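# Overview (structure and organization)
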Amino acid sequence: MFRQILYTQWKWSGLGIVAAALASFVLPILTVQGAGTSDPTWIDARALLPALEYWSRAYPALALAIGLLGGTMAWTNDHRGRHVYALTLPLPRWHYVLLRYGAGLALLLVPVLLLWAGAMLAGRMATIPPGLHAYPHALALRFGLAVLLAYSIFFAVSSGTTRTAGYVIGVVAGLMVLQVLILLSGSETRLVAPIFDRLVTLPGPFEIFGGRWMLIDV
Amino acid sequence: MCSAHVHRRLAGAIVLALLCAPIVVAPARAQDTAEYRELVERLAERAQTLARTESSTVRGAERGRLDTLTVGRLTLLFPPQRRALVETVGRTAWDSLAAAFGADTTALQRHVITLGGPGGFRIPEWTGGQATGPRADLEFAVGVVLGTVRDTEARRFHGDPWFRDAVRVMFLAEPRLQDEAVYEELATKPWRVVRACYDGDLAECDSALAVSSDAATTALRYTPEERRRIVGREREVITSLRSAAGTAQCVEARVDSACVDVMRRFYLTEQPLSPLARATLMRTAFTLGGDGSYARLLASDEPEFLARLAAVAGVTPETLLAEWHRQILAARPKSMMLTRISGWIAFLWAAAFAVAATRSSRWRRD
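Scoring rules and cut-offs
Residues numbered from 1 in each chain as written. Chains lettered and ligands numbered in written order. Predicted model: local features only at pLDDT ≥ 70, side-chain atom pairs only at ≥ 80, totals over all residues. Heavy atoms only, no water. pLDDT = per-residue confidence, 0-100. Helix = DSSP H or I, 4+ residues; strand = E, 2+ residues; numbered from the N terminus. Contact = heavy atoms within 4.5 Å. Salt bridge = Lys/Arg side-chain N within 4 Å of Asp/Glu carboxyl O. Nonpolar A, V, L, I, M, F, W, Y, C, P; charged D, E, K, R; others polar. Expected span 1.5 Å × (residues − 1). Bend = angle between axes of the 7 residues up to and from the residue. Buried < 20%, exposed > 50% of the residue type's maximum accessible area, 1.4 Å probe, protein only. Phe/Tyr/Trp six-rings, centres within 6.5 Å; stacked < 30°, edge-to-face > 60°. Core = buried A, V, L, I, M, F, W, Y, C linked by side-chain atoms within 4.5 Å. Patch = residues over 30% accessible without salt bridge, like charges linked within 9 Å, V, L, I, M, F, W, Y side chains within 5 Å. Areas by Shrake-Rupley, 256 points an atom, 1.4 Å probe, with all protein chains shown as cover. Pairing = 2+ DSSP bridges. Axes fitted to C-alpha atoms, helices over the stretch in contact; angles between N-to-C directions. Parallel < 35°, antiparallel > 145°, perpendicular 65-115°, else oblique. Left-handed = near helix turned anticlockwise from the far one by under 90°. Right-handed = clockwise from strand over helix to strand, strands pointing away.

### A look at the confidence of the model for chain A
The predicted model of chain A has a mean per-residue pLDDT of 85, with 93% of residues at 70 or higher. The least confident element of chain A, judged by mean pLDDT, is helix α2 (residues 42-56) of chain A at 72; the most confident is helix α6 (residues 136-159) of chain A at 93.

### Observations regarding the interface of chain A and chain B
Contact residues are listed per partner, giving 51 residues for chain A and 40 residues for chain B. For the interface between chain A and chain B, the tally reads 0 salt bridges. Elements supplying a minimum of two residues to the side of chain A that touches chain B: α2, α4 (84-88), α5 (93-125), α6 and α7 (162-184) of chain A. Along the lines of polarity and charge, the residues of the side of chain A that touches chain B split into 31 nonpolar, 10 polar and 10 charged.

### Re helix α3 (residues 58-80) of chain A
Residue and element names in this part refer to chain A. Counted at 1.5 Å a residue, the expected span for α3 with its 23 residues is 33 Å, and the 32 Å between its end C-alpha atoms agrees. Along α3, the largest kink reaches about 25 degrees and is centred on Met 73. Among the residues making up α3, those that are buried are Tyr 59, Pro 60, Leu 62, Ala 63, Ile 66, Gly 67, Gly 70, Gly 71, Ala 74, Trp 75 and Asp 78. Among the residues trailing α3, Arg 82 stands out with phi positive, at a value near 50 degrees.

### Some details on the environment of Glu 236 of chain B
You can see Glu 236 of chain B is positioned in helix α12 (residues 235-240). Sequence separation between Glu 236 of chain B and Thr 247 of chain B is 11 residues, and the spatial gap between their C-alpha atoms is 9.6 Å.

### Thoughts on the environment of Val 251 of chain B
Tracing the sequence through the fold places Val 251 of chain B in helix α13 (residues 244-251). Val 251 of chain B has contacts with Arg 228, Val 231, Gly 232 and Arg 235 of chain B, leaving out every residue within four places of it along the chain.

### Considerations on the packing of aromatic side chains
Residues and elements named next belong to chain A. Under the criterion given, the structure shown has 11 aromatic pairs over all chains. The interplanar angle of 45 degrees and the centroid separation of 5.3 Å between the aromatic rings of Trp 75 and Phe 155 together place this pair among those described as tilted. One end of the pair, Trp 75, is in helix α3; the other, Phe 155, is in helix α6, and 80 residues separate them in sequence. Here Trp 75 falls in the buried class, since its relative accessible area comes to 0%. An aromatic cluster is present here, built from Trp 75, Tyr 96, Tyr 101, Tyr 151 and Phe 155 joined pairwise through their rings.

### A closer look at the nonpolar core
Counting residues in hydrophobic clusters, the biggest one holds 112 residues, and the most contacted among them are Phe 143 of chain A together with Trp 324 of chain B. Counting residues per element, this core draws most heavily on α6 of chain A, which supplies 13 residues. Those residues within four positions of Trp 324 of chain B in sequence are excluded, and the remaining contacts are Val 182, Leu 186, Cys 197, Cys 205, Leu 209, Leu 273, Ala 277, Thr 280, Leu 281 and Thr 284 of chain B.

### With respect to a nonpolar patch on the surface
All names here are of chain A. Residues Val 177, Leu 178, Val 180, Leu 181 and Leu 184 make up a contiguous nonpolar surface patch of about 490 Å² in total accessible area. Here Val 180 shows up in helix α7. Assessed through its relative accessible area of 46%, Val 180 is described here as partly exposed.

### Describing the sheet that holds strand β3 (residues 112-114) of chain B
All names here are of chain B. A sheet is described by the order of its strands in space; here 3 strands give the open sequence β1-β2-β3, paired in mixed fashion. What marks the edges here is a single partner per strand, and that holds for β1 (67-71) and β3. For this sheet, the mean inter-axis angle between neighbouring strands, taken without regard to orientation, is 30 degrees. Direction of pairing for strand β2 (residues 74-78) relative to β3: parallel, over a ladder of 3 bridges. Directly across from Thr 75, in β3, lies its bridge partner Val 112.

### Here we look at helix α1 (residues 2-31) of chain A
Helix length check: α1 of chain A (30 residues) gives 37 Å between terminal C-alpha atoms against 44 Å at 1.5 Å per residue, more than 12% under. Roughly 70 degrees is the biggest bend found in α1 of chain A, and it falls at Ser 13 of chain A.

### Describing the packing of helix α11 (residues 224-233) of chain B against α13 of chain B
Residue and element names in this part refer to chain B. Running from N to C, α11 and α13 point in directions that differ by 140 degrees, and their axes come no closer than 9 Å. As judged from the angle between their axes, α11 and α13 are oblique. Between α11 and α13 lies a crossing whose hand is left-handed. When α11 is examined against α13, the residues Arg 227, Arg 228, Val 231 and Gly 232 are found in contact with a partner set consisting of Thr 247, Cys 250 and Val 251.

### Notes on the pairing of β2 of chain B
All names here are of chain B. In terms of burial, β2 is a largely internal element, 4 of the 5 residues being buried. Pairing analysis gives 5 bridges linking β1 to β2, with the strands arranged antiparallel. Directly across from Thr 68, in β2, lies its bridge partner Leu 77. Connecting the antiparallel pair β1 and β2 is a turn made up of 2 residues, with Gly 72 showing a positive phi of about 60 degrees. The β-α-β motif built from β2, the intervening helix α3 (residues 83-101) and the parallel element β3 has left-handed crossover chirality.

Below you can see the structure in the form of structure tokens.
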């Protein structure tokens, strides 16, 4: 059963997965493009860190994009077919959902593994100045967890009805609008920022997306 | 109407202060011109400070939206809705100032510090590396304390850019951010002396943190190959100053004495570690020394600056350097490392969302 689900999911989202895998492989190589001098001085080392930090923003963004792609593509055809396919299967709902979740996760392993390979290749390609080290394994593990989390969130949102997704988007948009209105009224009350802070710091769900995503660091 | 009245008062205060100058100076007729000029300058500066304080207070009062708070000897003027934040910032600022400057902070009692300045309250938090908002005001407070210390020793110190910059830099960012930046510096600079310091050779740390800005001493802190590199890096500038022969001897013929000579003549006095690194050493000394550290630093008659700092801290120079080294190595940026707790939290959240997905129903209407 899992193989069938995996196959159908691959058919639906194969192109997107291939694009994501390609981007994941190329990103670490692009990151180290400035680290190729044969005689690195401390100026190169000090200049390299901000350059790497600039690229580091791309990793959580890519993880989010891949999670969004995997999470939404897993359910697109079910929604389109009004869940008739799922209803024809002799499975309880939770079992079906877990099969879909597992199939999506298996497909998303491809970009994660390719990012790992790309990071290891990039680490070998770059001439790393003294005092700096490459961290391909830590980066890949963190990327994998970020993809897992993003995928789980978007999968959960997409598994519900359009109304559920609407509620989620509505609450977020409502908070934004409320904050703008508060600012326009002259008050300096911060509504969104404290919520955001809670979400991106431990034990908030998005903490893993923050901080420095450095392939090469001290 | 109110504004015109205020301006008249300000102008009056300045004119009055300047008019009073000759009266105050009168008993000191025997003083020479330099002393006379210094006294007038001080009075003018005092008048300007009074005007500035008065001006910011009046601006706040005109807006009618400011409140005051006294923390230690700091008097802060701020928008009332930021009271909680100002209390936090004020407490942090006062603790830092009191620990470092001790009794010298009495100078602050004459000043009202407006958090935010004329542009209003800007950055509500301390952000790394930029002096804005409350931190810029804290820098002003440090300037007030430094500017008020009068004894000869303090003046000699204040004229020393190393000391002045280190004291000011100490307050420009959170200690943690400063330590992280110094860790990066220690880990990435390829100079032998810095690498040895990173590896724990405290004698080399002493050399890398050198207080002296003397070009002759600086040149000798590097290896011959490093000297060649430094001169080579500045070659374009030096050559344009018609010293091509010495530079060529150093860079191409690898004559070390030529490198030392060029470094001395062109003041290539870049120290192995930056002023920020030295500021962290001074902070370590002040932290260990506690209350009155600054006064003890000024009073110390040790010939070497490191020994002065050690005396302030109440430990030996080796212990001070060891504590600094431990503190910097402990500040290794950890954001890259995936901590176990961070990994588990992400995994648990992912599992929670997956479980939430299984609770969905295909029977519900879209």
